[in-house]
Amino acid sequence: MVRTKRVARHVFSRLNLALLLTGALASCGGPMEPDLSAPEPAGALEAHAQALTYPSGSSQTVVSRRVVYRNGSGAYQAAAGFEHFRAAGASDGALHNIRIAEVDAPGAREALVIMSAGQKISSSGHSSGVTGQSSNWDASCDSISCPNVSLDGRSLAMKLRALGWFPSGKTYLSVVNDANFDHLFDSDTKQRIVNGFSNWLQAQVRPETRAIYLAGSSRGGCLMMRMAQALRANTALDSIDIYVSSFDGVCRNSQGELGTFDSKINNPVRPWGTFYGAWATNLTAQFPRRNRLHIFHVVGGQEVAPATGIRAFSGYAGSTPPSKGTNLDWGWYKQTWVKWKHKEIGNPYSDPSTSDQAQAVAETVDAHLTWLDARLP
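Parameters at a glance
- Residues numbered from 1 in each chain as written.
- Predicted model: local features only at pLDDT ≥ 70, side-chain atom pairs only at ≥ 80, totals over all residues.
- Heavy atoms only, no water.
- Helix = DSSP H or I, 4+ residues; strand = E, 2+ residues; numbered from the N terminus.
- Buried < 20%, exposed > 50% of the residue type's maximum accessible area, 1.4 Å probe, protein only.
- Contact = heavy atoms within 4.5 Å.
- Polar contact = N/O pair within 3.5 Å; in protein donor to acceptor, adjacent residues only side chain to side chain.
- Axes fitted to C-alpha atoms, helices over the stretch in contact; angles between N-to-C directions.
- Left-handed = near helix turned anticlockwise from the far one by under 90°.
- Nonpolar A, V, L, I, M, F, W, Y, C, P; charged D, E, K, R; others polar.
- Core = buried A, V, L, I, M, F, W, Y, C linked by side-chain atoms within 4.5 Å.
- Pairing = 2+ DSSP bridges.
- Disulfide = S-S within 2.5 Å.

Enquirer: Report on the overall build of the protein chain, specifying residues and quantitative values.
Expert: A tally of regular secondary structure across the protein chain gives 11 helices and 15 strands. When burial is assessed residue by residue, the protein chain has 50% of its 377 residues classed as buried. Here the analysis covers contacts within the protein chain between residues at least 6 apart in sequence; of these, 75% occur between residues at least 24 apart.

Following this line, the structure appears as structure tokens:
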């Protein structure tokens, strides 16, 4: 995989940081001050400085295709290139709502990049800072596809594409606008959907493939973690590095999804008066094969909907989970707690207040880029 040398990338980062700070000082009020209302995690100030270095990419308009569509007679049919989903056995009704946009699909594929938005639970609030889609992204959808989906240049997907760490001409890039990985589905349906995604992704692997990067928020974060389990369990992929970014990933503890269970680890930087926390999971047991595996999870742990118990997961070390969490770095797994609400982590560009957006972006989207930058060869 051809990439800019790390030294050059870091010089570029420092120059951009200097320009950004100079511009802030020249404008009214000077640079934005950090929010000191809650204690900062260790190393957070350094993360903020590095995170300011990542510029926006270009906005992109794409076609998001249904993996199973309705033909002219109204019958369900597998979409070309997505046959793996139907073959995995989930119902056509569930698969019809899965929509994926192939942003770049070159013949040579040194890297595969897949990013997923979270679950859509209402007619609004489905915008994503990971994929770049707006809240009304599906307004143009018909029974076959969504022909005019705009991806925001500030998103993780478009920033990464512009940085060129995975060159567009040699990288397969898809964004999952709707994974339909419904929190309330039974375990068997979820497993079939995971199998469909992982089998489809593995079909994109080429002899030259050296890296796979998976990123997702909320239910999309849980899906990417479960896909990583399937990929790392396949010994045929042992020579490929797998990188996973989870943004407040939500797995269903009552089903033991991703090993979560009914023990809440409290967020150590949660805002005063809140009960943010995450369901515990022994991730070491979930990933027995960890060679060339790299995971970063940013977690807030706000309950997604009141009195539902739907919240993110948290890894833990030791025999029993602690009552209060700490930031973790096990080499292969890193976890950082943040004070942001669930939707603010999923899209820091639209949900936090204007005064908080810069810090929220630094601790979410740009923090993941900082982490990835440090790990890519």
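Anyway, onward from the coordinates.
Enquirer: Let's hear about the side chain of Asn267: which residues, and what values?
Expert: Positionally, Asn267 belongs in the loop between β10 (264–266) and β11 (277–281). Take Asn267: its relative accessible area is 2%, and that puts it in the buried class. Of the polar contacts made by the side chain of Asn267, one reaches the backbone nitrogen of Arg270; its length is 3.3 Å. Polar side-chain contacts of Asn267 include one of 2.8 Å to the backbone oxygen of Gly300. Sequence-distant contacts of Asn267, defined by excluding residues within four places in its chain, comprise Tyr276, Gly277, Val299, Gly300, Trp337 and Val338.

Enquirer: Which residues make up the packing of helix α5 (residues 156–163) against helix α11 (residues 365–375), and what values do they have?
Expert: Closest axis-to-axis distance for the α5/α11 pair is 10 Å, and the angle between their directions is 40°. Here α5 and α11 pass one another in a crossing that is right-handed. In this structure, α5 uses Leu156, Lys159, Leu160 and Leu163 to contact α11, whose residues at the interface are Val365, Asp366, Leu369 and Leu372. Residues that form the contact of α5 with α11 fall into these classes: six nonpolar, no polar and two charged.

Enquirer: Can you tell me about the nonpolar core, naming the residues and giving the values?
Expert: In this structure, Phe85, Ile100, Phe197, Trp200, Leu201 and Leu214 are the most contacted members of the largest nonpolar core, which totals 44 residues. Mapped by element, the contributors of at least two residues to this core are β2 (68–70), β5 (111–116), β7 (171–178), α6 (187–202), β8 (211–217), α7 (219–233), β9 (241–247) and β12 (293–299). The greatest single-element share of this core, amounting to seven residues, is contributed by α7. If we skip the residues at most four places from it in the chain, Trp200 touches Gly81, Phe82, His84, Phe85, Ile100, Ile114, Tyr172 and Ser174. Cys146, Ala157, Val361 and Leu376 belong to the second largest nonpolar core, which has 40 residues in total.

Enquirer: Just give me the short version of the environment of Asp356, but keep the residues and values in it.
Expert: Note that Asp356 resides in the loop between α9 (342–346) and α10 (357–363). The sequence separation of Asp356 and Trp340 amounts to 16 residues, and the corresponding C-alpha distance is 9.6 Å.

Enquirer: Give a description of the pairing of β7 that names residues and reports values.
Expert: A large share of β7 lies buried, amounting to eight of its eight residues. The sheet contact formed by strand β4 (residues 99–104) and β7 spans five bridges and is antiparallel. In the strand pairing of β7, Arg99 is matched with Asp178.

Enquirer: Let's hear about the state of the cysteines: which residues, and what values?
Expert: Using the criterion set out here, one finds two disulfides in the structure. Across a sulfur-sulfur distance of 1.9 Å, Cys141 and Cys146 are joined as a disulfide pair. Looking along the S-S bond of the Cys141-Cys146 disulfide, the torsion reads about 95°, which is the right-handed sense. Overall, the relative accessible area of 0% leaves Cys146 in the buried class. In the protein chain, numbering the disulfide-bonded cysteines from first to last in sequence yields the connectivity 1-2, 3-4.

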